[in-house]
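Observations on the model geometry
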Amino acid sequence: MQMQVNTEKEALLRKISSLGLAVYDTKLYLDTHDCPEAKEYMYSKYTEYCEAVALYDEKYGNIAFRSHPSEDMVWAWQIEYQNGRC
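Residues numbered from 1 in each chain as written. Predicted model: local features only at pLDDT ≥ 70, side-chain atom pairs only at ≥ 80, totals over all residues. Heavy atoms only, no water.

1. What about the packing of helix α1 (residues 8-32) against helix α2 (residues 36-60)?
Contact geometry of α1 with α2 gives a least axis separation of 9 Å together with a crossing angle of 150°. With respect to each other, α1 and α2 are oriented roughly antiparallel. Crossing of α1 over α2 shows left-handed handedness. Residues of the contact of α1 with α2, tallied by class, amount to 18 nonpolar, 2 polar and 7 charged. (Axes fitted to C-alpha atoms, helices over the stretch in contact; angles between N-to-C directions. Helix = DSSP H or I, 4+ residues; strand = E, 2+ residues; numbered from the N terminus. Parallel < 35°, antiparallel > 145°, perpendicular 65-115°, else oblique. Left-handed = near helix turned anticlockwise from the far one by under 90°. Nonpolar A, V, L, I, M, F, W, Y, C, P; charged D, E, K, R; others polar.)

Right, dumping it as C-alpha coordinates:
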(Lines give C-alpha, C1' and ligand atoms only; values in the text may rest on other atoms or scores of the structure.)
Protein backbone atom coordinates (compact mmCIF):
# COMPACT_ATOMS: atom_id res chain seq x y z
CA MET A 1 0.00 0.00 0.00
CA GLN A 2 1.38 3.38 -0.97
CA MET A 3 1.01 6.26 1.46
CA GLN A 4 0.34 9.74 0.15
CA VAL A 5 2.47 12.64 1.31
CA ASN A 6 0.10 15.35 2.51
CA THR A 7 2.43 18.20 3.27
CA GLU A 8 5.73 19.65 2.23
CA LYS A 9 6.97 18.94 5.76
CA GLU A 10 6.17 15.23 5.44
CA ALA A 11 7.81 15.09 2.02
CA LEU A 12 10.97 16.65 3.44
CA LEU A 13 10.98 14.19 6.35
CA ARG A 14 10.70 11.31 3.88
CA LYS A 15 13.56 12.72 1.84
CA ILE A 16 15.73 13.06 4.96
CA SER A 17 14.87 9.52 5.96
CA SER A 18 15.70 8.04 2.57
CA LEU A 19 18.95 9.97 2.28
CA GLY A 20 19.97 8.94 5.78
CA LEU A 21 19.30 5.30 4.92
CA ALA A 22 21.32 5.61 1.71
CA VAL A 23 24.29 7.00 3.63
CA TYR A 24 24.06 4.38 6.37
CA ASP A 25 23.61 1.49 3.95
CA THR A 26 26.57 2.65 1.88
CA LYS A 27 28.71 2.89 5.02
CA LEU A 28 27.86 -0.74 5.77
CA TYR A 29 28.81 -1.70 2.22
CA LEU A 30 32.13 0.14 2.54
CA ASP A 31 32.93 -1.83 5.69
CA THR A 32 33.57 -4.83 3.46
CA HIS A 33 34.28 -3.32 0.04
CA ASP A 34 36.91 -0.81 -1.04
CA CYS A 35 34.94 0.93 -3.77
CA PRO A 36 35.73 4.51 -4.84
CA GLU A 37 32.36 4.84 -6.59
CA ALA A 38 30.55 3.87 -3.40
CA LYS A 39 32.56 6.44 -1.45
CA GLU A 40 31.62 9.15 -3.94
CA TYR A 41 27.99 8.08 -3.76
CA MET A 42 28.03 8.15 0.05
CA TYR A 43 29.57 11.63 0.16
CA SER A 44 27.09 12.99 -2.38
CA LYS A 45 24.13 11.53 -0.48
CA TYR A 46 25.57 12.82 2.80
CA THR A 47 25.80 16.31 1.32
CA GLU A 48 22.18 16.07 0.17
CA TYR A 49 21.19 14.78 3.62
CA CYS A 50 22.88 17.71 5.38
CA GLU A 51 21.22 20.18 3.03
CA ALA A 52 17.80 18.62 3.60
CA VAL A 53 18.27 18.68 7.40
CA ALA A 54 19.37 22.32 7.24
CA LEU A 55 16.29 23.18 5.17
CA TYR A 56 14.03 21.37 7.63
CA ASP A 57 15.67 23.14 10.59
CA GLU A 58 15.19 26.49 8.85
CA LYS A 59 11.53 25.92 7.98
CA TYR A 60 10.20 23.82 10.88
CA GLY A 61 12.70 23.96 13.74
CA ASN A 62 15.39 21.57 14.85
CA ILE A 63 15.00 18.03 13.67
CA ALA A 64 18.11 16.79 15.44
CA PHE A 65 17.91 15.36 18.93
CA ARG A 66 19.93 17.86 20.97
CA SER A 67 19.23 16.88 24.58
CA HIS A 68 17.22 14.43 26.62
CA PRO A 69 13.59 15.58 27.10
CA SER A 70 13.79 14.90 30.83
CA GLU A 71 16.18 17.84 31.20
CA ASP A 72 13.20 20.17 30.72
CA MET A 73 10.91 18.26 33.08
CA VAL A 74 10.40 18.91 36.74
CA TRP A 75 9.86 15.72 38.69
CA ALA A 76 7.63 15.43 41.74
CA TRP A 77 10.58 14.91 44.07
CA GLN A 78 12.20 18.08 42.68
CA ILE A 79 9.05 20.12 43.37
CA GLU A 80 8.91 18.84 46.93
CA TYR A 81 12.57 19.69 47.40
CA GLN A 82 12.13 23.15 45.91
CA ASN A 83 9.19 23.82 48.29
CA GLY A 84 11.32 22.88 51.29
CA ARG A 85 9.53 19.61 52.04
CA CYS A 86 12.67 17.48 52.02
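2. What about α2?
The end-to-end C-alpha distance of α2, which contains 25 residues, comes to 36 Å, matching closely the 36 Å that a straight helix rising 1.5 Å per residue would cover. Residues of α2 that are buried in the fold lie against α1. Immediately beyond the C-terminal end of α2, within one or two residues, lies Gly61, with a positive phi of roughly 100°. (Expected span 1.5 Å × (residues − 1). Contact = heavy atoms within 4.5 Å.)

3. Remarks on the nonpolar core
Ranked by size, the top nonpolar core spans 6 residues in total: Leu12, Ile16, Leu19, Ala52, Val53 and Tyr56. Taken together, the elements giving at least two residues each to this core come down to α1 and α2. With residues up to four places along the chain from it excluded, the contact list for Ala52 reads Leu12, Ile16 and Leu19. Core analysis: the next-biggest nonpolar cluster, separate from the first, contains 5 residues, Leu30, Cys35, Ala38 and Met42 among them. (Core = buried A, V, L, I, M, F, W, Y, C linked by side-chain atoms within 4.5 Å. Buried < 20%, exposed > 50% of the residue type's maximum accessible area, 1.4 Å probe, protein only.)

4. Considering the packing of aromatic side chains
For any two aromatic rings, the description comes down to two numbers: the centre-to-centre distance and the angle of the planes. Tallied over the entire structure, the rule returns 2 aromatic pairs. Between Tyr56 and Tyr60, the aromatic rings sit 5.1 Å apart at their centres with planes inclined by 50°, giving tilted as the arrangement. Taken together, the positions of Tyr56 and Tyr60, both in helix α2 and 4 residues apart, correspond to about one turn of that helix. Using a relative accessible area of 7% as the deciding quantity, one classes Tyr56 as buried. (Phe/Tyr/Trp six-rings, centres within 6.5 Å; stacked < 30°, edge-to-face > 60°.)

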